[in-house]
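Coordinate inspection notes
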Amino acid sequence: MEQIIVNGLYLGAQYALIALGLTLIFSLMNVLNFAHGQMYVLGGFVTYTVVAQFQLPFIVGLVASALVLAVVGALVEKFLFRPVIKKSKREESTMLLAAGIAFFLDAVILLVFGEKQRGVPKIIDGVFNWDFIVIMPYDRIVIGFTAIAIIAAFILFMQYSTAGRAMRALAQDKVAATLMGVDVAMYSMIGFALGAALAGLVGGLLVTITGVNLGMGGPASIKAFMMIMIGGAGVISGAIAGGFILGMMESVGLTVLSEYGDITYLVIFASLMIFLALRPQGLMGKPWG
Amino acid sequence: MHNNKFILLALGVIALYVGVPFAIDISGRIDFFYTLTSVALLSIASAGVWLTFYIGRINIGQGAYALAGGYVSAILITQAGMSFWLSLPIAGLFCAVLSVFIGLPILRLRGVYFAMVTLVLTEVMRLVALALPVTQGAKGITSMPLPGELSVFGITLIPDFATLENPKIAFYWMAITIMIIAYAVLWRIVNSRLGHLCRSLQQNEELSASIGVNTAYLRVLAYSISSFFGGIAGASFVSIAQSIYPSSFQVTDSVNFMLNCFLGGLGFVFGPMLGTLILYFGWDLLFTTGQYQLLIYSTLLIMLMLALPNGVLSLFEKKKVGS
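Rules used throughout
Residues numbered from 1 in each chain as written. Chains lettered and ligands numbered in written order. Predicted model: local features only at pLDDT ≥ 70, side-chain atom pairs only at ≥ 80, totals over all residues. Helix = DSSP H or I, 4+ residues; strand = E, 2+ residues; numbered from the N terminus. Rg over C-alpha atoms; globule rule 2.2 N^0.38 Å. Buried ≥ 20, exposed ≤ 12 C-beta atoms within 10 Å, placed from the backbone. Contact = placed C-beta atoms within 7 Å. Nonpolar A, V, L, I, M, F, W, Y, C, P; charged D, E, K, R; others polar. Pairing = 2+ DSSP bridges. Expected span 1.5 Å × (residues − 1). Core = buried A, V, L, I, M, F, W, Y, C linked by C-beta atoms within 7 Å.

1. Brief notes about the overall build of chain B
Of regular secondary structure, chain B possesses 13 helices and 2 strands. For a compact globule of 323 residues, the expected C-alpha radius of gyration is about 20 Å, and chain B comes in at 20 Å, within 12% of that figure. Per-residue burial for chain B yields a buried fraction of 44% across its 323 residues.

Structure follows, in structure tokens:
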């Protein structure tokens, strides 16, 4: 039982990071970023390139992932989303664009990094063993705590920095924020870059444990969508809650339901449907975000 | 004016039935039959998605119903020995009924919430197909017979496909016939009282509820019609492929159905048809570029979106305003 909870927390910390980036982009621009999973995979490959090919320390790889993805995110926002949002009659049109970007990133990753599964050597060897009640490799513990530290840093940033305050204001009410002198264009770009950078960071963290391959993008996007549905779209606390809940459900499900075959996700999906029927806006979302 | 339109439409239909096969015969690109058949069938599923757009919902779950329809038809044909022509409407009806049960809770959601939950639905259907014993899991259902003969009172309406020397063209005719019927139905719905009510839902659901429109009933109705189209498309697709797997319709397909609608333009009944044609045909033509296929395709998609964010058919709209 303890093992299940620890596994769930470890998974949840990573999931929450993915969901945070997605929900930040959604709250600022009302864009459902289909390419989020691909950004995460790209982050993994950047870390792989820096660590395994250039032989640099892991932390450099992580920083490189975050920076590359931040640049990608900023460019995507400035040159793609902004003009389309300005010109289109329905804001859903951005979905087509986001899907196009997802395909594009897939193609780029395929051409640049190939279709092979890639991984980097473990950052720390050894396994933590608490009397066979909880067994956890040390590298997973480090990754889990790094993820939690990044989440904490992100919350502090959003809560206390000028940029964070401006972004929260934009998410609440775009018109009012503009009237108060918030530079909408600049902070939308920063927000998008930050969201993408978070996706890149998770990719970089995970490449040490599960490795990374081209096919991981789509399923990661779907999981991220589920998390922000559980927690409520566009709400930071909701994304974190959703991430941990999904991580915990997956961990419990894989243990409890294993005798019935591979139905964990089926059960999670079904319960999500029932949950949404009762509470359409998720745990902490505002109605009709 | 009305007469002119009718003649134009009739010419278009004749071109579809006779002109296109003739052109393919001359060019010798027999593979285009399969491409165009696929376009016709996929555009039926897209028509369903378009109808949910029409009530103001973004539907990324059509792949789920296409998969369900395909499996219903496949199971009826292989295990109950039913004729394909009978299984086709049953598959559609099954999806329509299924969508009522799924739609009742989820249609309360709006905007991205509905979009995300339907996206998840596609994944659910794939997992169900993997888990159920009747669908035979990942092995899928294979080596299904071609559609048999359809006769009423001893008169053969449709011959047995297996006896034909060119089943490709038969499938093509079947696909465009279903497509024309589907779009005629769609056009009729849009230009009826039901269509007006749907437009009122699209614009403001609270307001239309407040003047006495039964919004809950209406959106379930529209969603089930949409799913009916999805089921029909899935079942016919299976009859051509003669096999179905849990991965026959996936999240990518659901997303593509939605993209077809966006690309063609959401304000036009024939938008999804055009969108499917452009996307599927474009993808097919780019096959020769090999490993760069996806790169070129997605770049074109992004460029198209930058240039025409309101769909391809919005080009004609602008001209109208200008003149």
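2. Here we look at the overall build of chain A
Scanning chain A for helices and strands turns up 11 helices and 2 strands. Written out in order from the N terminus, the α and β elements of chain A read α-α-α-α-β-β-α-α-α-α-α-α-α. Relative to the compact-globule value of 19 Å for 289 residues, chain A shows a C-alpha radius of gyration of 19 Å, a close match. C-alpha extents for chain A along the principal axes are approximately 60 × 50 × 35 Å. Out of the 289 residues belonging to chain A, those deemed buried represent 53%. Considering only residue pairs separated by 6 or more positions, chain A has 75% of its internal contacts joining residues 24 or more positions apart.

3. Quick notes on the interface of chain A and chain B
Chain A puts 41 residues into the contact, and the matching count from chain B is 37 residues. Looking at the side of chain A that touches chain B, the elements that each hand over two or more residues are helix 3 (58-87), helix 4 (93-113), helix 9 (217-231) and helix 11 (264-278) of chain A. Residue contributions to the side of chain A that touches chain B peak at 14 residues, all from helix 4 of chain A. Looking at side-chain class alone, the side of chain A that touches chain B contains 30 nonpolar, 6 polar and 5 charged residues.

4. Here's the deal with the pairing of strand 2 (residues 134-137) of chain A
All names here are of chain A. Note: strand 1 (residues 127-130) against strand 2, 4 bridges, orientation antiparallel. Within the sheet, the bridge partner assigned to V127 lies in strand 2 and is P137. The hairpin formed by strand 1 and strand 2 contains 3 residues between the paired strands, and D131 there has a positive phi angle of roughly 55°.

5. Side note on helix 11 of chain A
A rise of 1.5 Å per residue sets the reference length of helix 11 of chain A, with its 15 residues, at 21 Å; its end C-alpha atoms lie 21 Å apart and thus fit the reference within 8%. Among the residues making up helix 11 of chain A, those that are buried are T264, Y265, L266, I268, F269 and L276 of chain A.

6. Here's the deal with the nonpolar core
All names here are of chain A. Grouped together as the largest cluster of nonpolar side chains are 197 residues, with contacts concentrated most on L17 and L20. Of the residues forming this core, the biggest block, 16 residues, is contributed by helix 1 (residues 2-29). Dropping the residues within four chain positions of it, L20 is found in contact with I151, F154, L198, I236, A239 and I240.

7. Some points on the environment of V41 of chain A
All names here are of chain A. Relative to the elements of secondary structure, V41 occurs in helix 2 (residues 36-53). You can call V41 buried: it has 27 C-beta atoms within 10 Å. As a C-alpha pair, V41 and R279 span 238 residues in sequence and 32 Å in three-dimensional space.

8. Details of the environment of L206 of chain A
Residue and element names in this part refer to chain A. Note that L206 resides in helix 8 (residues 184-206). Given 24 C-beta atoms within 10 Å, L206 falls into the buried group. Placed 14 residues apart in sequence, L206 and A220 show a C-alpha to C-alpha distance of 12 Å. Beyond its immediate sequence surroundings of up to four residues, L206 is in contact with Q14, G44 and V212.

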